[in-house]
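Structure assessment
So you can see what is in the structure, the chains are spelled out below.
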Amino acid sequence: MRRFFRHPVRLVPLVFLVAILIGTGLLMLRPMTIEYQHAPFMTALFTATSAISVTGLTITDTPNYWSGSGLVLITVLTQLGGLGILTGAALVILTVSRRLGLHNRLLLQAETAEYGLGDVRRLLLRIAATVFACELAMTVIVTGRLWLAYDQPFWDALWSAGFHSIQAFNNCGFSLYRDGLLAFSRDPWVSLPLALGAIIGGLGFPAMFEAVREWRQPARWAVATKLTIWGSAALVAFGAVAFLAAEWANPWTVGQYDVPGKVVAAFAQIALARTGGFEVVPTEVLREESYTLLTGLMFIGGGSASTAGGIKVSTFFLLAFVIWAEVRGEPDVTVGHRRIATASQRQALTVALLSVAIVAAGTAALIAMTDKLPFYAALFEVTSAFSTTGLSVGVLSSLSDGGQLLLTVLMYVGRVGPLTFGSAIALNTRRRLYRYPEEQPIVG
């Protein structure tokens, strides 16, 4: 038992589960709802899981269901969930680095800068300082905009800006507005700070810290940092262009805006759709190609050791390099003059295929539980829950308790699963003293 509690890889899922149960109990208290009544268990469980897992999916009208106390609790749970996953990732990295032997520890140190073998207290304090500094910067900008341009009372503007800044940096999608950020879709002083905060929070502390430290020499970045930084930039750029192409003439989304408004709305929606969860344009009236685009971006998610979910950007692009090397007939997979270890390729493939299996099984189960739910809607909701994104096509409140419970489990698995499973694979790496004869089965 003592070994269990000393092992961060095993401890992270347990800590999140305990936090969810405590959050559920607190949300069921009378002062947490506007009507001063006990929230149903399923509603409280779904909301607590969504906050702790920094997802943002909700089965209630958040600003009109939860009281001020309830909204403060949701904010606290979101902040704890974001800091918890960052802290857990840091501890897991340190644990993995100490269990892999000298050679692999040095490789891990190269991939995560100085923090694979660094001081725990210094690392955790720097993570916390970065989180609060980014949230404070966003809060200041958005508060000024809401106060000066929208005539909101200062304290109301400060509360709204602080709430949404915490949600954005932690890649969570709860909002104080019933229609999300639709009212600010063309306002760059509100939507862009929140979008940039979600991007920064979704990079992960290893990539973020190394990019800041070596910003003058990006060629010296570790492979993981290059895949995360340049991959995230490519996904946002490609997603914004593709989203504009699909929705340019859609009068229900960005078709009614001028060109600058279209660009701002498209960039903010794509940046927040990767795992942020805020609705900048009405999701339920998007075109089919946009649903496909958003589903793919949600599934990929953000960076490793970040507040974002999904299979992670580095995993996706690592597999892309594997395919490229195989197509070209290269004996090795290389990224930036670095050869990628076979173990890393297998781990990336395992995480990706298991995630595909979970999303496919979840989609089939949700369709079976809910009558007349279109396939695209079920796939979108399941992917959003598993990737801890928080976007929805507006069917959550109509789902049965079984459907809501399924999404609750997917949010929990999507939050702690990739980190726990990826670390378990790394720690379970073993070397045999013998090898079997090789064969080449027919493929394709």
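Residues numbered from 1 in each chain as written. Predicted model: local features only at pLDDT ≥ 70, side-chain atom pairs only at ≥ 80, totals over all residues. Heavy atoms only, no water.

**Some words on helix 14 (residues 313–328)**
- Here helix 14 contains 16 residues, and its C-alpha end-to-end distance of 23 Å stays within 8% of the 22 Å for a straight helix at 1.5 Å per residue.
- Every buried residue of helix 14 is listed here: Val313, Ser314, Thr315, Phe317, Leu318, Leu319 and Ala325.
- Looking at the buried residues of helix 14, the elements they touch are helix 11 (223–247), helix 13 (288–300) and helix 15 (342–369). (Helix = DSSP H or I, 4+ residues; strand = E, 2+ residues; numbered from the N terminus. Expected span 1.5 Å × (residues − 1). Buried < 20%, exposed > 50% of the residue type's maximum accessible area, 1.4 Å probe, protein only. Contact = heavy atoms within 4.5 Å.)

**Considerations on the packing of aromatic side chains**
- Enumeration over the complete set of coordinates arrives at eleven aromatic pairs.
- Relative to Trp155, the ring of Phe154 lies with its centre 5.1 Å away and its plane at 75°, an arrangement referred to as edge-to-face.
- Residue Trp155 is classed as exposed on the basis of its relative accessible area of 65%.
- Relative to Phe317, the ring of Phe316 has its centre 5.1 Å away and its plane inclined at 85°; by these criteria the two rings are edge-to-face.
- Phe316 gets classed as partly exposed once you look at its relative accessible area, which sits at 34%.
- Here the aromatic residues Trp147, Phe154 and Trp155 are joined through ring pairs into a cluster of three or more.
- Here Arg126 stacks its cationic end above the ring of Phe209, 4.5 Å away from the centre of that ring.
- When the ring centre of Trp248 is taken as reference, the NZ or CZ atom of Lys262 above it lies at 4.8 Å. (Phe/Tyr/Trp six-rings, centres within 6.5 Å; stacked < 30°, edge-to-face > 60°. Lys NZ or Arg CZ within 6 Å of the ring centre and 35° of its normal.)

**Here's the deal with the side chain of Arg274**
- Inspection of the secondary structure puts Arg274 in the loop between helix 12 (259–273) and helix 13.
- The side chain of Arg274 is buried and forms no salt bridge, while Glu210, the nearest opposite charge, is found at 16 Å.
- Apart from the residues lying within four places of it in its own chain, the contact partners of Arg274 are Ser232, Leu235, Val236, Leu297, Met298, Gly301, Gly302, Val313 and Thr389. (Lys, Arg positive; Asp, Glu negative; His and termini not counted. Salt bridge = Lys/Arg side-chain N within 4 Å of Asp/Glu carboxyl O.)

**With respect to the nonpolar core**
- With 105 residues, the main nonpolar core has Leu27, Phe46, Phe243, Leu366 and Leu407 as its most contacted residues.
- Among residues more than four places away in sequence, those in contact with Phe243 are Val254, Ala266, Gln269, Ile270, Val281, Leu286, Ser290 and Leu293.
- By size, the runner-up hydrophobic cluster in this structure holds five residues, among which are Leu203, Ala207, Trp221 and Ile229. (Core = buried A, V, L, I, M, F, W, Y, C linked by side-chain atoms within 4.5 Å.)

**Focus: the UniProt feature "transmembrane region" (unreviewed entry) in the protein**
- The feature "transmembrane region" (unreviewed entry), as given by UniProt, occupies residues 12–29, 71–96, 123–148, 189–209, 221–246, 297–327, 348–369 and 405–427 in the numbering adopted here.
- Helix makes up 89% of residues 12–29 and strand makes up 0%, while its end C-alpha atoms are separated by 27 Å. (UniProt positions renumbered as here; feature names shortened; annotations may be inferred.)

**So, the packing of helix 8 (residues 154–169) against helix 9 (residues 188–201)**
- The contact between helix 8 and helix 9 brings their axes to 7 Å, and the two run at 35°. Contacts between helix 8 and helix 9 involve His164, Ser165, Ala168 and Phe169 from the former and Leu194, Gly197, Ala198, Ile200 and Gly201 from the latter.
- Of the residues in the contact of helix 8 with helix 9, the class split is five nonpolar, four polar and no charged. (Axes fitted to C-alpha atoms, helices over the stretch in contact; angles between N-to-C directions. Nonpolar A, V, L, I, M, F, W, Y, C, P; charged D, E, K, R; others polar.)

**What to know about the environment of Val15**
- Along the chain, Val15 falls in helix 2 (residues 8–27).
- Its relative accessible area of 45% is what places Val15 among the partly exposed residues.
- C-alpha separation for the pair Val15 and Gly84, spaced 69 residues apart in sequence, amounts to 8.7 Å.

**Topic: the environment of Gly414**
- Its place among the elements puts Gly414 in helix 17 (residues 401–427).
- Residue classification places Gly414 among the buried residues on the basis of a relative accessible area of 1%.
- Distance from Gly414 to Ser387, taken between C-alpha atoms, is 5.7 Å for residues 27 residues apart in sequence.

**Digging into the packing of helix 14 against helix 15**
- Put simply, helix 14 and helix 15 touch, their axes get as near as 9 Å, and they point 120° apart. As summarised for this structure, helix 14 and helix 15 are arranged oblique, according to the angle between their axes. Crossing angle aside, the handedness with which helix 14 passes helix 15 is left-handed. Where helix 14 approaches helix 15, its residues Thr315, Leu318, Leu319 and Val322 are matched on the opposing element by Ser344, Gln345, Ala348, Leu349 and Ala352.
- Within the contact of helix 14 with helix 15, the residues separate by chemical class into six nonpolar, three polar and no charged. (Parallel < 35°, antiparallel > 145°, perpendicular 65-115°, else oblique. Left-handed = near helix turned anticlockwise from the far one by under 90°.)

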